[in-house]
Amino acid sequence: MSVHEQLEEVFREVFNDCNLLLSDEMTAEDISGWDSVAHINLMFRIEQTFRVEFSGNELAEFKNIGELKKYLIRKGVHE
Amino acid sequence: MSTVAVDSRTLHSSAVARGDKLYQLGQIEPALEAYLAAAAAASELVPASICLKLARSYERLGSYAEAYHWALAVVDAGDDFSAWQTGSGLAQRLIMNHQPVVHRSVKVALVGSYTTTQFTQVLQLATARLGIALEIYESPYGQYRQEILDHNSRMYTFAPDFLILAVHEGELVLPTYSASPQEDVDTELQRWTMLWEQIAAHSKTRVVQYNFVTPCESPMGHLGARLPGSRYMMTQTLNSRLGEHAGNTVSIVDCERLSALYGKQRWFDPRYWHLAKQAVALGALPLLARHTAAVISADLGLSRKCLVLDLDNTLWGGVIGEDGLAGIKLGQGIEGEAFIAFQEYLLKLKQKGIILTVCSKNNESDAREPFEKHPDMRIRLDDLALFVVNWESKPDNLRLISKALNIGLDSMVFLDDSPVERAAVRQFVPEVDVIQLPPDPTQYTRTLSQYLLFETSWFTPEDALRTQQYRERAQVMELETGTTSIEDFYRNLQMQAVVEPFNEFHLPRIAQLIGKTNQFNLTTRRHGVPVLQGFMQDSNCVHFFLRLCDRFSDHGLVSLMIAFHRGDGLEIDTWLMSCRVISRTVEATMLEYLCGRARQLDCKFIRGTYIPTTKNLMAKDVFRTFGFDLVQQNGEVSVWQYDLHQKGGIMNQFIKAVISNKACHERT
């Protein structure tokens, strides 16, 4: 599975929507239910799934899904 | 890891992949079959990911009970927070379509100093797994003081049975170093006990206080451990003092110990603290939830009472029937020492009131030999309430033990090294909890210590004697077969009872009985300590308990009654009896004393109520037996009346009752 697909899988779990599709341009605004609580759950699950640890800043902020993927790839997660 | 485990892992991962593919194609039934195959190929504990897949598949097929079962099975699979969160969401959704069997429904207020949103979800799953349905009120972030001090707060309106005070070390007003640590700790202690008092004054809720986790960072270094004024030491002192003050009225969840168990570095994750004020890392929440649920379950009297032990490869290494007394591993070598340590741990459980019994497939004479002759054996035959050694099936023997000791199967825990026996017990007596012993005996003690349902809410001196009492009860059963009539049997026992009104000294045991007695309990009203203290002040309340001894043993405080003087009658609010002394005519003595009190109060009648539950069927006919007339039937609930003038008092010729001095004093 690619990083994109794995990420999609995580989002589907967190937002309980098995048809959810991700694109690089998407932001929190585009996904209903992505509030501060969901954000924490999401980040925890991403760290677990990809076995990475974000910095405090990375946890809190990214422009869009594309940037989140860049964080992951920068941490050695392979496509 | 052994090759067998690796093989089964590849086997189940291919089945999972097959299932996933089918599931995506909408072929749910074949997908489910693949997942079930994966579960069967996994070890005894099915991984959380498969549990969730099974739950979802069953849900899609409309099999909500199975789906619910698998959603809860996530708890047994390990402490994976994300899986728990998903499982909890699933379970919440499923209860809309499926009414699960619950032992108890309780209202819990979660009142904290940090973010508790995620904890709320996992706590619900942990309690659901124990058969406790929760209704949760979560107070707004950080508002614990306002919620408690404002007597009109939403928390009080919610009227919780339990209030979890989930607070963290950052809330403590203690300096890094204090020149007057005693005063500072006293002030801090008062701040917390004052909150407890406020809660007690304005509600009937039981407080579950989280104690304080000393942080990883220690500016004072090792010096802090010998400087009473260091914040580190003051926090530890405060934890001890909170424990002392809690006594029997407040429950503590020892977060300091849990954080050490989990690893303090991981318990507090500064990133998530600064991001979202999570004072307990998400990964630690399942552990915290399981322990909190165990404490609540103990307070509700739902803890397990009896441990059923296998012998070969459980209490010693090897097989006694084949290896002989000199051949079993016990005492010498790594495993031999581990079995000693394990036996010593079992005796510590016995000390706190867990009943030990043996259930083994063996020849009885072989099985007895190590207990009687092996120099390194720690457990002796008289540590065991029952020694069931035969070639019958374990499920049958468990039912036998349940009957002989008169305790429910759902009070029993099964410990056996054999996966086959464990599977048989899980299948045929699912009420019994099964502990999965690891293959390595050096890990036995730790595995058992991680089982949480031996948590108890009180400790009274009677707890330490419990195995002995049950053992004597079993002996009485033997004696029973030797006597010709039941009257002879009662006389032979030479029973004596002491009847006394409630007092502070016996209150813990009284509250314990009220909290956990299910079978002989006419109304199953779970009055807590504050309510009982209220009754003791109430001049219209007649309250008393009975201690029983016979020629075999002192059974301790085994029955109690609470009644209210209303108009011309005495109305029984609560009447219960420990199942240890069922069929001993104790009921008659209780009524004898009650009649006496009724006469002193010039009552014309006694009125009693029977409220049926799933467990108290045995008490159904007690009023009829003693000549009460049925005067009212409201659905399941029946009300009975005994006319004192017409029928006279009730007497018991088999128990010599002594009214204690204190009671006599009160009566005059």
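What counts, and where the lines are drawn
Residues numbered from 1 in each chain as written. Chains lettered and ligands numbered in written order. Predicted model: local features only at pLDDT ≥ 70, side-chain atom pairs only at ≥ 80, totals over all residues. Heavy atoms only, no water. Helix = DSSP H or I, 4+ residues; strand = E, 2+ residues; numbered from the N terminus. Rg over C-alpha atoms; globule rule 2.2 N^0.38 Å. Contact = heavy atoms within 4.5 Å. Areas by Shrake-Rupley, 256 points an atom, 1.4 Å probe, with all protein chains shown as cover. Pairing = 2+ DSSP bridges. Axes fitted to C-alpha atoms, helices over the stretch in contact; angles between N-to-C directions. Buried area = accessible area lost by both parts, 1.4 Å probe. Salt bridge = Lys/Arg side-chain N within 4 Å of Asp/Glu carboxyl O. Polar contact = N/O pair within 3.5 Å; in protein donor to acceptor, adjacent residues only side chain to side chain. Nonpolar A, V, L, I, M, F, W, Y, C, P; charged D, E, K, R; others polar. Buried < 20%, exposed > 50% of the residue type's maximum accessible area, 1.4 Å probe, protein only. Core = buried A, V, L, I, M, F, W, Y, C linked by side-chain atoms within 4.5 Å. Arc of directions from axis to C-beta. Phe/Tyr/Trp six-rings, centres within 6.5 Å; stacked < 30°, edge-to-face > 60°. 1 Å grid on protein atoms, 1.4 Å probe; cavity = no way out; pocket = protein on both sides within 12 Å on 5 of 7 lines; lining within 4 Å. Points joined across faces, edges and corners; volume = space filled by probe spheres on them.

K.L.:
When you look at the overall build of chain B in this model, what are you seeing that I'm missing?
P.N.:
Counting its secondary structure elements, chain B contains 29 helices and 19 strands. The C-alpha atoms of chain B give a radius of gyration of 27 Å, which matches the 26 Å a tight globule of 668 residues would have. With the C-alpha coordinates aligned to their principal axes, the bounding extent of chain B is approximately 75 × 65 × 60 Å. Put simply, 71% of the contacts in chain B that link residues at least 6 apart link residues at least 24 apart. Surface summary for chain B: the accessible area is close to 29,200 Å², and the carbon and sulfur share equals 51%.

K.L.:
Please clarify how the sheet that holds strand β7 (residues 355–361) of chain B should be interpreted in this entry.
P.N.:
The strands that make up a sheet pair up through hydrogen bonds in the backbone, lying either parallel or antiparallel. Residue and element names in this part refer to chain B. Taken together, 5 strands build an open sheet; the order of strands is β8-β7-β6-β9-β10 and the sheet is parallel. Strands at the two margins of the open sheet, each flanked by one partner only, are β8 (386–390) and β10 (433–436). Here the strands of the sheet are splayed against their neighbours by 20° on average, with no regard to which way each runs. Examined bridge by bridge, β7 and β8 share 5 bridges and lie parallel to one another. Bridged to Lys361 within β8 is Asn390. Helix α17 (residues 364–373) contacts β7 and β8 of the sheet and is inclined by roughly 135° relative to β8. Where helix α18 (residues 394–405) meets the sheet, its contacts fall on β6 (306–309), β7, β8 and β9 (412–416), and the angle it forms with β7 comes to roughly 150°.

K.L.:
Help me understand the interface of chain B and chain A, please; the structure alone is not making it clear to me.
P.N.:
How big an interface is tends to be stated in terms of accessible area lost as the parts join. Tallying the contact residues gives 16 residues for chain B and 15 residues for chain A. Carbon and sulfur atoms supply 50% of the area buried between chain B and chain A, which totals about 1,400 Å² over both sides. When the area that chain B buries against chain A is broken down by residue, the three leading residues are Arg271(B), Tyr272(B) and Leu275(B), summing to 41%. On inspection of chain B and its partner chain A, the count reaches 2 salt bridges. Of the charged contacts, one joins Arg271(B) and Glu47(A) as a salt bridge, the two residues approaching to 2.5 Å between their closest N and O atoms. Summed over the shared surface of chain B and chain A, the number is 11 residue pairs in polar contact (both at pLDDT 80 or more). Mapped onto the side of chain B that touches chain A, the elements with two or more residues apiece are α5 (81–94), α6 (117–129) and α13 (270–276) of chain B. Looking at which element gives the most residues to the side of chain B that touches chain A, the answer is α5(B), with 5 residues. Here the residues of the side of chain B that touches chain A are counted per class, giving 5 nonpolar, 7 polar and 4 charged.

K.L.:
What is the right way to look at the pattern of salt bridges in this model?
P.N.:
Opposite charge on two side chains permits them to pair, given that their charged atoms come into close proximity. Within the structure shown, the criterion is met by 38 salt bridges over all chains. Notably, a salt bridge pairs Lys394(B) with Asp310(B), separated by 3.1 Å at the nearest N-O pair. You can see Lys394(B) sitting in helix α18 and its partner Asp310(B) sitting in the loop between β6 and α15 (320–327), a full 84 residues away along the chain. The two residues Lys394(B) and Asp310(B) agree in class, both being buried. With a shortest N-O distance of 2.8 Å, Arg368(B) and Glu364(B) are connected by a salt bridge. Taken together, the residues span about one helical turn, with Arg368(B) and Glu364(B) both in helix α17 at a distance of 4 residues. When salt bridges that share partners are traced, they join Glu13(A), Arg45(A) and Arg56(B) into one network.

K.L.:
Honestly, the nonpolar core in this entry has me stumped. Any pointers?
P.N.:
One recurring pattern in soluble globular proteins is that nonpolar side chains are buried together. Phe11(A), Ile46(A), Tyr210(B), Trp267(B) and Leu288(B) are the most contacted members of the largest nonpolar core, which totals 95 residues. Element by element, the count of residues in this core is highest for helix α4 (residues 64–77) of chain B, at 8 residues. Counting 41 residues, the second largest nonpolar core, distinct from the first, contains Leu522(B), Ile572(B), Phe654(B) and Ile655(B).

K.L.:
What is the right way to look at helix α25 (residues 529–537) of chain B in this model?
P.N.:
Each α-helix turn comprises 3.6 residues. Residues three or four places apart therefore point the same way. All names here are of chain B. Taken as a whole, α25 has its buried residues at Val529, Val531, Leu532 and Phe535. What you see down the axis of α25 is that its buried residues fit within an arc of 160°, all on one side. In this structure, the buried side of α25 is in contact with α24 (507–516), β13 (541–549), β14 (554–566) and β15 (569–577).

K.L.:
What should I look at first to understand the environment of Lys348(B) in this one?
P.N.:
Relative to the assigned elements, Lys348(B) resides in helix α16 (residues 333–351). A sequence separation of 60 residues divides Lys348(B) from Leu288(B), and the C-alpha atoms of the two residues are 24 Å apart.

K.L.:
Would you explain the packing of aromatic side chains in this entry?
P.N.:
The tally for this structure, following the rule as stated, stands at 26 aromatic pairs over all chains. Pairing Trp34(A) with Phe62(A) gives two aromatic rings, centres 6.3 Å apart and planes at 45°, and the pair type is tilted. Note that Trp34(A) is positioned in the loop between α1 (3–15) and α2 (36–50) and Phe62(A) in the loop between α3 (56–60) and α4 (65–74), a separation of 28 residues in sequence. On the numbers, 4.9 Å between centres and 50° between planes, the contact of Phe623(B) with Phe628(B) is tilted. With respect to class, Phe623(B) is no different from Phe628(B); both count as buried. Feature note: the residues Phe11(A), Phe15(A), Trp34(A), Phe54(A), Phe62(A) and Tyr71(A) constitute an aromatic cluster, connected by ring pairs.

K.L.:
Explain empty space enclosed by the protein to me, please; I cannot follow it from the model alone.
P.N.:
The final tally for this structure, using the stated rule, is 1 cavity of 30 Å³ or more. Counted as a void, the largest cavity has a volume near 190 Å³. For the lining of the largest cavity, the class distribution of residues is 3 nonpolar, 6 polar and 7 charged.

K.L.:
What exactly am I supposed to notice about the side chain of Arg206(B) here?
P.N.:
Residues and elements named next belong to chain B. Structurally, Arg206 can be placed in strand β4 (residues 206–210). With a relative accessible area of 16%, Arg206 lands in the buried category. In terms of polar contacts, Arg206 uses its side chain to reach the backbone carbonyl oxygen of Thr249, at 3.4 Å.

K.L.:
In this structure, what is going on with unusual backbone geometry? I would like to understand it.
P.N.:
With glycine set apart, most residues show a phi of negative sign, and most peptide bonds adopt trans. For Arg51(A), which is not a glycine, the phi torsion comes out positive at approximately 50°. Given a relative accessible area of 77%, Arg51(A) falls into the exposed group. Phi at Lys277(B) takes a positive value of approximately 55°, unusual for a residue other than glycine. Note that Lys277(B) resides in the loop between α13 and α14 (285–299). When its relative accessible area of 28% is taken as the criterion, Lys277(B) is described as partly exposed.

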